[in-house]
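# Per-entry structural report
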Amino acid sequence: MEPIGEIEAVKVSEAHDLVEMGDCYGSRFWNKGYATEALKAFMKYMFNEVEAGMIIACHISTNPASGRVMQKAGMKYDATLKKYFVDKNSGKRADKVCYSISREEYFQKSRV
């Protein structure tokens, strides 16, 4: 059985009470809702079990679908870091787009 993909805490900062999420999915599984479902489960675990104060996630600007996943999961746009990445497909520089959700925001949305 082929794995769908993975989602993980790629960086954890106890000093800043935050977790950075990273994910990767096989192209056969894109646009089926799996990434949004996984991100929501990740957020639930990090806020309820780990008691993280903030979750951040970033994507390369040439992959706007990743940003839509973050938005659908309830994250809000924070910043764009210009020309941060080199796109592996084109070899050209691309922006890093960052989103986040705080513990307070998460639980406010959960009550609605």
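Everything in this summary refers to the structure shown in the same document. (Residues numbered from 1 in each chain as written. Predicted model: local features only at pLDDT ≥ 70, side-chain atom pairs only at ≥ 80, totals over all residues. Heavy atoms only, no water.)

### A word on the overall build of the protein chain
Selection criterion: A helix here means a DSSP run of H or I that spans at least four residues, while a strand means a run of E at least two residues long, and both kinds are numbered starting from the N terminus. Two residues form a contact once any of their heavy atoms are found within 4.5 Å. Only four residue types enter the charge count, namely Lys and Arg as positive and Asp and Glu as negative; His and the chain termini do not. To locate a charge, take atom NZ for lysine, CZ for arginine, CG for aspartate or CD for glutamate.
Counting secondary structure elements, the protein chain contains three helices and five strands. In the protein chain, the succession of helices and strands from N to C terminus is β-β-α-β-α-β-β-α. Considering only residue pairs separated by 6 or more positions, the protein chain has 54% of its internal contacts joining residues 24 or more positions apart. The protein chain carries 17 positive and 15 negative side-chain charges, and their two centres are separated by 9 Å.

### Some points on the environment of A52
Selection criterion: Partly exposed describes any residue whose relative accessible area lies between the buried limit of under 20% and the exposed limit of over 50%, with all areas from a 1.4 Å probe on protein chains only and scaled to the type maximum.
With respect to the helices, strands and loops of the structure, A52 is situated in the loop between helix 1 (34–50) and strand 3 (54–60). A relative accessible area of 3% means that A52 is categorised as buried. In the structure, A52 is positioned 30 residues away from K82 in sequence and 28 Å away in space, judged by C-alpha atoms. Setting aside its immediate chain neighbours within four residues, A52 contacts D17, V19, M46, F47 and R103.

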